[in-house]
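# Structure assessment
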Amino acid sequence: MGLRLFNTMGRSVQDFIPINEGKVGFYGCGPTVYNYAHIGNLKTYIFEDFLKRTLTYLGYKVKHVMNITDVGHLTDDADDGEDKMAKSAREKGQSVYEIADFYTKAFFNDIDRLNIIRPTISCKATEHIADMIALVKTLEERGYTYEAGGNIYFSIDKFPDYGKLALLDRQNLQAGARIEVDGNKRNPYDFVLWFTKSKFENHAMIWDSPWGKGYPGWHLECSAMSMKYLGRHFDIHCGGIDHINIHHTNEIAQSEAATGEKWVNYWLHGEFLVMNKAKMAKSAGNFLTLDTLVEKGYDPLDYRYFCLGGHYRSQLNFSFESMDSAKKARTNLKSKVQELMSKTKCADRNSLSDAAKQYIASFTADISDDLNSPRALAEVWTLLKDNGISDSEKLYLLLDFDKVLGLRLDVPEKPAETVAEDIPAEVLELVESRKAARKNKDFAEADRCRDRIKELGYDIKDTPQGTICKKL
Ligand code: AMP
Ligand code: ZN
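On a predicted model such as this, the values are computed, not experimentally measured, just so you know. (Residues numbered from 1 in each chain as written. Chains lettered and ligands numbered in written order. Predicted model: local features only at pLDDT ≥ 70, side-chain atom pairs only at ≥ 80, totals over all residues. Heavy atoms only, no water.)

## Observations concerning helix α13 (residues 425-439)
Here α13 contains 15 residues, and its C-alpha end-to-end distance of 21 Å stays within 8% of the 21 Å for a straight helix at 1.5 Å per residue. Turning to α13, its buried residues number three or more, namely Val 427, Leu 430, Val 431, Arg 434, Ala 437 and Arg 438. Down the axis of α13, the smallest arc covering the buried residues is 125°, so these residues share one side. For α13, the exposed residues set more than 90 degrees away from the buried face come down to Ala 425, Glu 429 and Lys 439. With its phi angle positive at about 65°, Lys 441 sits one or two positions after the end of α13. (Helix = DSSP H or I, 4+ residues; strand = E, 2+ residues; numbered from the N terminus. Expected span 1.5 Å × (residues − 1). Buried < 20%, exposed > 50% of the residue type's maximum accessible area, 1.4 Å probe, protein only. Arc of directions from axis to C-beta.)

Rendered as structure tokens:
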């Protein structure tokens, strides 16, 4: 069985057939760098990494492009709200460029720690303004735009396919439209391609354009940059499910209107990470970062394991109990691989037994079945318990499967707890109390211990290697 993927366009599992044999062009919407990515965002990047690793495992050469939204965009997808970057810059007393630079680095640090393979090309929106302007010009020449109130809009009434990804009901679009705030729009679903009239005075990021100084609408960058690096027609486009209705719908409209051709063959969307039944979101304030998990004593790869334990198209419910189980399972798995590494040599692929080959076939079938990561993980545990497979074959298979799982099973786990020397007894006691409090999930007490440690002139840092205590 070849690779089969659930295509949001068509809402069905379909055979994956690449445009060019053996190669895949793949675009994933990247982060808006005005804050840390939350672990919900990171779930989506882990799913995309699993897809990329699966494609590579199956022998495809993958070109992966991801944008970095550093131009800032509005807090609401529908051209409304405040500019997120400007808001963050104002709150932190820094320039928008400093904010973007800081959070771009933080993002790459997060994905590196999660063993997410970096994109082949990651491209900043601010460095592609000319490409975006060129795209708007093409749309203008082809009659898809209008100017109103100083802004350039995309007219969805000119594009009969509008809404095909979101399955929008074209007949009733006007009647069922969301509450409209921008009276310049001819159709409430029209969207801004280029803003010259900012609602915010002194908008920091503006560029010259044929329509006056301004800045791009936020859907524009993904169309312009994906087509620049992957061509007018490419294989796969990914993101979270929140992007189906507006962002990806508008990306399709402006790309296909500009080229007159089909743009993307397969649309894959990851379901949400939820916490206490609500979607994890920065705007709702209910979000955790990877650093928070590390501070609480988890390895970033515990979170990766936790995410792989659910299918990317299922909602994943975050809880510290589930994280504890993931941590236990991951460290257990790693220690088993380490044990095998210490006592046996890895088998050779060419001399595997039929039983071992059967494991490769099942693992390949799991990941080819719309990226079934939970089944792939289960396969690994079945293999470990299988007495019919030699240790050296097990080791070969586990390291081979880890190319897709990305759990760094071959890297030894670091020692558990390290405390620097010459720490007063009172501080050491507090370190221990904090450890106990965290074990009991009494995070308030753990924080109190940390505050007291600080008052005594020491600081503690929780790292994947353990807790480190240092003089301030
Ligand atoms: P943003 O930086 O807001 O554009 O989000 C980056 C990626 O994370 C996008 O693909 C979103 O669809 C995705 N995303 C946002 N919130 C969540 C969530 N709670 N769970 C999973 N993915 C999410
Ligand atoms: Zn996008």
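Having seen the structure, we can now continue with the description.
## A short note on the coordination of the zinc ion (ligand 2)
Ligation of the zinc ion (ligand 2) by protein atoms is provided by Cys 29 (SG), Cys 222 (SG), His 247 (NE2) and Glu 251 (OE), these donors lying 2.1 to 2.3 Å from the ion. The site at the zinc ion (ligand 2) holds 4 donor atoms, and with the angles between them running 72 to 128°, its shape is irregular. Expressed as a motif, the donor residue spacing for the zinc ion (ligand 2) is C-x192-C-x24-H-x3-E. With a gap of 29 residues between them, Cys 222 in helix α5 (residues 220-230) and Glu 251 in helix α6 (residues 244-259) connect regions that are remote in the sequence. Of the two residues, Cys 222 and Glu 251, both sit in the buried class. (Donors = N, O, S within 2.8 Å, 3.2 Å for Na, K, Ca; no water. Tetrahedral: all angles 85-135°; square planar, octahedral: opposite > 155°, others 65-115°.)

## Focus: the sheet that holds strand β10 (residues 191-195)
Strand pairing in a sheet relies on backbone hydrogen bonds, with the paired strands running either antiparallel or parallel. If you walk across this open sheet you meet the 4 strands as β8-β9-β10-β11, and the pairing is antiparallel. Each edge of the sheet is formed by a strand with only one pairing partner; in this case those strands are β8 (145-148) and β11 (215-216). Across 3 bridges, strand β9 (residues 151-154) lies against β10 in antiparallel orientation. Paired with Tyr 153 across the bridge in β10 is Val 192. Those strands touched by helix α4 (residues 129-141) are β8, β9, β10 and β11, and its axis lies near 125° from that of β10. (Pairing = 2+ DSSP bridges. Contact = heavy atoms within 4.5 Å. Axes fitted to C-alpha atoms, helices over the stretch in contact; angles between N-to-C directions.)

## Topic: unusual backbone geometry
Its identity as a non-glycine residue notwithstanding, Asp 370 has a phi of 50°, on the positive side. In this fold, Asp 370 is placed in the loop between α10 (354-368) and α11 (373-385). You will see that Lys 441, though not glycine, has its phi angle at about 65°, which is positive. For Lys 441, the position within the fold is in the loop between α13 and α14 (443-455).

## Some remarks on the packing of aromatic side chains
Within the structure shown, the criterion is met by 25 aromatic pairs. Taking 6.2 Å as the distance between ring centres and 45° as the angle between the ring planes, the aromatic pair formed by Trp 194 and Trp 211 counts as tilted. Linking Trp 194 in strand β10 with Trp 211 in the loop between β10 and β11, this pair joins segments that are 17 residues apart in sequence. Here Trp 194 falls in the buried class, since its relative accessible area comes to 0%. The class of Trp 211 is buried, set by a relative accessible area of 16%. One aromatic cluster is present, formed by Tyr 298, Tyr 303, Phe 306, Phe 318, Phe 320 and Phe 443 through successive ring pairs. (Phe/Tyr/Trp six-rings, centres within 6.5 Å; stacked < 30°, edge-to-face > 60°.)

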